[in-house]
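Single-letter residue listing:
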Amino acid sequence: MASILGMKKNILYGILIVLGVFLLIQIIPIGDYCGGLMNFLISIVILVLIMLIVLITSINEIYRYIKNKTKFDFIPIIISFSILIIFYLIMETESDKFWTSEKLNGITISTAKKKWNFKIV
């Protein structure tokens, strides 16, 4: 029975880590460096999932501690706080990432500089 509970905890830790990686992938610029409303909404959904998982496991651990006097498992809380700290640090340094640089390229078309050539046939 103890190995099954240990396996369930390892699966829970794995789910938290995978959700954290998905959350960090949403905010790290990959490809065209564009982020929009969908990235924001996906990040919010993943954050809510992480908070729900940690809340439910914490309530379960508190119940086990009160009922059976077992040790409280802090690992899901540590994983979630480390994910949230990394998320905050990346979001805080959004404009000054050391691996990117802002370049503004564009072409302006001015009608004053055009030469109009008309041929009457």
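Residues numbered from 1 in each chain as written. Predicted model: local features only at pLDDT ≥ 70, side-chain atom pairs only at ≥ 80, totals over all residues. Heavy atoms only, no water.

1. Considerations on the environment of Val 54
Right, on to step 1. As for its position among the elements, Val 54 is in helix 2 (residues 37-68).
Right, on to step 2. On the basis of relative accessibility, which here comes to 13%, the residue Val 54 falls in the buried class.
Right, on to step 3. A sequence separation of 42 residues divides Val 54 from Leu 12, and the C-alpha atoms of the two residues are 9.6 Å apart.
Right, on to step 4. Aside from chain neighbours lying at most four places away, what touches Val 54 is Leu 16, Pro 76, Ile 77 and Ser 80. (Helix = DSSP H or I, 4+ residues; strand = E, 2+ residues; numbered from the N terminus. Buried < 20%, exposed > 50% of the residue type's maximum accessible area, 1.4 Å probe, protein only. Contact = heavy atoms within 4.5 Å.)

2. Looking at the confidence of the model for the protein chain
Right, on to step 1. Within the protein chain, residue pLDDT values average 77, and 65% of them lie at 70 or more.
Right, on to step 2. Least confident of the elements in the protein chain is helix 1 (residues 2-27), whose mean pLDDT is 77; most confident is helix 2, at 87. (pLDDT = per-residue confidence, 0-100.)

3. Some words on the side chain of Ser 58
Right, on to step 1. Position of Ser 58 among the secondary structure elements: in helix 2.
Right, on to step 2. Apart from the residues within four sequence positions on either side, Ser 58 is in contact with Phe 72 and Ile 77.

4. Notes on unusual backbone geometry
Right, on to step 1. Phi at Lys 69 takes a positive value of approximately 55 degrees, unusual for a residue other than glycine.
Right, on to step 2. You can see Lys 69 is positioned in the loop between helix 2 and helix 3 (75-92).
Right, on to step 3. Looking at Lys 69, the relative accessible area reads 63%, which means it is exposed.

5. A short note on a nonpolar patch on the surface
Right, on to step 1. A grouping of Leu 37, Met 38, Phe 40, Leu 41, Ile 42, Ile 44, Val 48, Met 51, Leu 52, Leu 55, Ile 56 and Ile 59 is seen on the molecular surface, where their side chains present a nonpolar patch of about 1,200 Å² in accessible area.
Right, on to step 2. Position of Leu 52 among the secondary structure elements: in helix 2. (Patch = residues over 30% accessible without salt bridge, like charges linked within 9 Å, V, L, I, M, F, W, Y side chains within 5 Å. Areas by Shrake-Rupley, 256 points an atom, 1.4 Å probe, with all protein chains shown as cover. Salt bridge = Lys/Arg side-chain N within 4 Å of Asp/Glu carboxyl O.)

6. A word on the side chain of Ser 43
Right, on to step 1. Inspection of the secondary structure puts Ser 43 in helix 2.
Right, on to step 2. Look at Ser 43 and you get buried, because its relative accessible area is 6%.
Right, on to step 3. Those residues in contact with Ser 43 that lie beyond four places of it in its chain are Leu 23, Gln 26 and Ile 27.

7. A look at the pattern of salt bridges
Right, on to step 1. Under the criterion given, the structure shown has two salt bridges.
Right, on to step 2. Between Lys 9 and Glu 61 there is a salt bridge, and its shortest N-O distance comes to 3.9 Å. Of this pair, Lys 9 sits in helix 1 while Glu 61 is found in helix 2, placing the two residues 52 residues apart along the sequence.
Right, on to step 3. Classification of Lys 9 as partly exposed rests on a relative accessible area of 26%.
Right, on to step 4. The exposure class of Glu 61 is buried, given its relative accessible area of 8%.

8. Here we look at the nonpolar core
Across soluble globular proteins, you tend to see nonpolar side chains buried next to one another.
Right, on to step 1. Counting 17 residues, the largest nonpolar core has Leu 16, Leu 23, Ile 50 and Phe 87 as its most contacted members.
Right, on to step 2. For this core, the leading source of residues is helix 1, giving seven residues. (Core = buried A, V, L, I, M, F, W, Y, C linked by side-chain atoms within 4.5 Å.)

9. Focus: the packing of helix 2 against helix 3
Right, on to step 1. Between helix 2 and helix 3, whose axes approach to 10 Å, the crossing angle comes to 155 degrees. One element, helix 2, and the other, helix 3, form an angle in the roughly antiparallel class. In terms of crossing hand, the pair formed by helix 2 and helix 3 is left-handed. Where helix 2 approaches helix 3, its residues Leu 47, Ile 50, Val 54, Thr 57 and Ser 58 are matched on the opposing element by Pro 76, Ile 77, Ser 80, Ile 83, Leu 84 and Phe 87.
Right, on to step 2. When grouped by side-chain class, the residues that make up the contact of helix 2 with helix 3 number eight nonpolar, three polar and no charged. (Axes fitted to C-alpha atoms, helices over the stretch in contact; angles between N-to-C directions. Parallel < 35°, antiparallel > 145°, perpendicular 65-115°, else oblique. Left-handed = near helix turned anticlockwise from the far one by under 90°. Nonpolar A, V, L, I, M, F, W, Y, C, P; charged D, E, K, R; others polar.)

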